[in-house]
Amino acid sequence: MNRKAVKKKMIIILAGIMTLAVAVFAVLLLSSGIFTSSRYLEPWDKNYSMQFDDPRIRLVSHGILAANGHNMQPWKVRLDPDDPLVFYLYADADRLTPEVDPFARQTLISQGVFLEYVKIAGDKLGYETKMALFPEGDYDEQNLLESMKTTPVAKVALTKTSPQTNVPLYDYMFLPDTNRAPYKENQLTDKQINVLQSIPAETDISLQIFQSKNDVNRLGHYAIEGANIEAGIHRINEESAQIFRSNEYQKNKYRYGFSLEGQGNSGIMKHIMQGIITLIPSFNNEKASSDLLVKSTQTAIEHTPTYAMIITQDNSRVQQVLSGMVYSRLNLTAHNLGIAIQPTSQALEEYPEMDTLYSAIHQEYAPHFGTIQMFVRLGLPTKAALPTMRRDVLEIIETAKD
């Protein structure tokens, strides 16, 4: 075969390879849903709430942007049919993660984060929000799931006032709440620490900041060890896998749970990875997910200059909700100061395999019978976080039954 024939054959082969590559690339992008409208991001638009005439729905549409455990968005709102300015917030018993949060503590914290967002939105839109926690009494802890369905976490009553022009935290509700990326090495300034530590107004709740070398090392150890323990538990991995949304179609269908955005993936690379996982689900198997959790935690902890804790005097349901309200203000105030934040919650979880680590971190950092409700890393971001799925506000609203 002469040179010209060889060259021609090589060109044909290369053209075939290129055609195949383009075809594979196109299949991956189509499987990812690259041309699908991201309806699951609509609530992040500042104008989203304005389509609703009912002021309660307008405020609740801000609440659904709140940080929440495992992005389950475990909120149910019942509108009072007799009073157009009253609604009741319930923890949604159908949106629990019992393996990782067996006592629904994180779920109750998520209720508080929601309520604080509603309060801030009320200030901005001209509604004073009066909130009564557990207005019909406490949960029956022996029959928790049924009790959640019938016992409201809060009664929220609105009073029309003048909109406030200066609500510093309002704009930051529309930014992603959690940044899992590495942070810069800069520690917080004394001024920033003073601002953050002045946040809690609730009785018996403290917010503590840690950035000494010893504390950063110790708390980093707790965060990494907690991730190692959780990564090795099959039933928890299964629970997480059930709420992972691998492509745009699933994200639009469910609008809650985990997705690749939470790991910082965006653009074409996100769609390529989504396409691969959609076509070859085993690519995202339990070992791969566990290894990713451990590796990403180690990377994040190696680039964390500061930690913070929200500690309550007791572990009552009211204190859990109030600590969520404090966390909202911590989160939004941190954004206002240009500081990124991420919960490192594994060491605080209450299942048997975590007992030893849970006891150790409480003995060291809450020795006087307090409960650490939130344990987070803080720092200056190296990259922006991405917004995650949010449900349509009307999905969580129902009219109260007579």
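Our structure is the block above this text.
Keep in mind that this is a model prediction, so the values were computed, not measured.

Peer 1: Pulling in residues and values, what's your account of the sheet that holds strand β6 (residues 306-312)?
Peer 2: Here we have 4 strands laid out as an open sheet, ordered β5-β6-β8-β7, and antiparallel in their pairing. Edge strands, defined here as strands with exactly one partner in the open sheet, are β5 (205-210) and β7 (340-343). Geometrically, the sheet is characterised by an average inter-axis angle of 25° between neighbouring strands, direction not taken into account. Where β5 lies against β6, 6 bridges are found, and the strand directions are antiparallel. Across the sheet, residue Leu207 finds its bridge partner in β6, namely Ile310. Against the sheet, helix α5 (residues 190-197) touches β5 and β8 (371-379), its axis set at about 160° to β5.

Peer 1: Explain the packing of helix α3 (residues 105-125) against helix α11 (residues 317-336) to me, using residue names and the numbers behind them.
Peer 2: In helix packing, the relevant descriptors are the interaxial angle and the interaxial distance, both defined with respect to the helix axes. The interhelical angle for the contact between α3 and α11, taken along N-to-C directions, is 55°, at an axis separation of 6 Å. By the angle between their axes, α3 is oblique relative to α11. In this structure, α3 crosses over α11, and the sense of that crossing is right-handed. Residues Arg105, Leu108, Ile109, Gly112, Val113, Leu115, Glu116, Tyr117 and Ile120 of α3 form the contact with α11, whose participating residues are Arg317, Gln320, Val321, Ser323, Gly324, Met325, Tyr327, Ser328, Arg329 and Leu332. Taken together, the residues that form the contact of α3 with α11 break down as 10 nonpolar, 5 polar and 4 charged.

Peer 1: Give me the lowdown on the nonpolar core, citing residues and values where you can.
Peer 2: Counting 67 residues, the largest nonpolar core has Val77, Phe114, Met148, Tyr327, Leu330 and Leu378 as its most contacted members. Among the elements that make up this core, the one with the highest residue count is α3 (9 residues). Setting aside chain neighbours within four positions, we find Val77 in contact with Val60, Phe87, Tyr88, Leu89, Phe114, Ile396, Ile397 and Glu398. One finds Leu357, Ala366, Ile372 and Phe375 within the second-largest nonpolar core, a separate group that totals 23 residues.

Peer 1: Before we move on, could you go through the layout of surface pockets and cite the residues and values that matter?
Peer 2: Reported here for the second largest pocket is a volume of approximately 180 Å³. In terms of lining, the second largest pocket is formed by 13 residues, of which the most central are Leu175, Pro176, Asn179, His335 and Ala385. Across the lining of the second largest pocket, the residue classes break down as 7 nonpolar, 4 polar and 2 charged.

Peer 1: Which residues make up empty space enclosed by the protein, and what values go with them?
Peer 2: Take a probe with the size of a water molecule and roll it over the atoms, and the empty space left behind shows itself. Enumeration over the complete set of coordinates arrives at 2 cavities of 30 Å³ or more. Roughly 40 Å³ of internal volume is contained in the largest cavity. Around the largest cavity, the lining residues are Gly69, His70, Pro74, Thr97, Asp101, Gln106, Thr107 and Ser110. Of the residues in the lining of the largest cavity, the class split is 1 nonpolar, 6 polar and 1 charged. Computed from the structure, the second largest cavity encloses a volume of approximately 30 Å³. Forming the boundary of the second largest cavity are Pro43, Asp45, Lys46, Tyr48, Ser49, Ser61, His62, Leu65 and Phe174. Per-class residue counts for the lining of the second largest cavity are 4 nonpolar, 3 polar and 2 charged.

Peer 1: Before we move on, can you summarise the pairing of strand β4 (residues 154-160) with the specific residues and values?
Peer 2: Of the strand pairs in this sheet, strand β2 (residues 86-91) and β4 are connected by 4 bridges, and their pairing is antiparallel. Bridge pairing in β4 places Leu89 opposite Ala154. Note that strand β3 (residues 127-133) and β4 share 7 bridges and pair antiparallel. Bridge pairing links Glu128 to Thr159 in β4.

Peer 1: Could you give an account of the environment of Gly370, with specific residues and numbers?
Peer 2: With respect to the secondary-structure elements, Gly370 resides in the loop between α12 (355-365) and β8. For Gly370, a relative accessible area of 16% corresponds to the buried category. For the pair Gly370 and Val113, spaced 257 residues apart in sequence, the C-alpha to C-alpha distance is 20 Å. In contact with Gly370, not counting residues within four places along its chain, are Ile311, Thr312, Gln313 and His362.

Peer 1: Before we move on, can you summarise the pattern of salt bridges with the specific residues and values?
Peer 2: All told, the structure shown has 19 salt bridges when counted by the stated rule. A salt bridge links Asp123 to Lys119; the shortest N-O distance between them is 3.9 Å. One end of the pair is Asp123 and the other is Lys119, both in helix α3 and 4 residues apart, which spans about a single turn. Ionic pairing is found between Lys270 and Glu248, a salt bridge with its closest N-O pair at 3.6 Å. Of this pair, Lys270 sits in helix α9 (residues 267-279) while Glu248 sits in helix α8 (residues 248-254), and the two are 22 residues apart along the sequence. For Glu248, a relative accessible area of 1% gives the class buried. Connected through salt bridges with shared partners, the residues Glu248, Lys251, Glu261 and Lys270 form a single ionic network.

Peer 1: Talk me through the side chain of Ser32; I want residue IDs and the actual numbers.
Peer 2: For Ser32, the position within the fold is in helix α1 (residues 3-32). Apart from residues lying up to four places away in sequence, Ser32 is in contact with Asn247, Glu248, Tyr249, His271, Gln274 and Gly275.

Peer 1: Before we move on, can you summarise α12 with the specific residues and values?
Peer 2: Restricting attention to buried positions, one finds in α12 the residues Leu357, Tyr358, Ile361, His362 and Tyr365. The buried residues of α12 occupy an angular sector of 130° when projected down its axis, which confines them to one face. The outward face of α12, more than 90 degrees from its buried face, is lined by the exposed residues Thr356 and Gln363. For α12, the elements touching its buried residues are β5, α6 (213-231), β6 and β8.

Analysis parameters
Residues numbered from 1 in each chain as written. Predicted model: local features only at pLDDT ≥ 70, side-chain atom pairs only at ≥ 80, totals over all residues. Heavy atoms only, no water. Pairing = 2+ DSSP bridges. Helix = DSSP H or I, 4+ residues; strand = E, 2+ residues; numbered from the N terminus. Axes fitted to C-alpha atoms, helices over the stretch in contact; angles between N-to-C directions. Contact = heavy atoms within 4.5 Å. Parallel < 35°, antiparallel > 145°, perpendicular 65-115°, else oblique. Left-handed = near helix turned anticlockwise from the far one by under 90°. Nonpolar A, V, L, I, M, F, W, Y, C, P; charged D, E, K, R; others polar. Core = buried A, V, L, I, M, F, W, Y, C linked by side-chain atoms within 4.5 Å. Buried < 20%, exposed > 50% of the residue type's maximum accessible area, 1.4 Å probe, protein only. 1 Å grid on protein atoms, 1.4 Å probe; cavity = no way out; pocket = protein on both sides within 12 Å on 5 of 7 lines; lining within 4 Å. Points joined across faces, edges and corners; volume = space filled by probe spheres on them. Salt bridge = Lys/Arg side-chain N within 4 Å of Asp/Glu carboxyl O. Arc of directions from axis to C-beta.

None of the figures reported here should be taken as evidence of function without further support.
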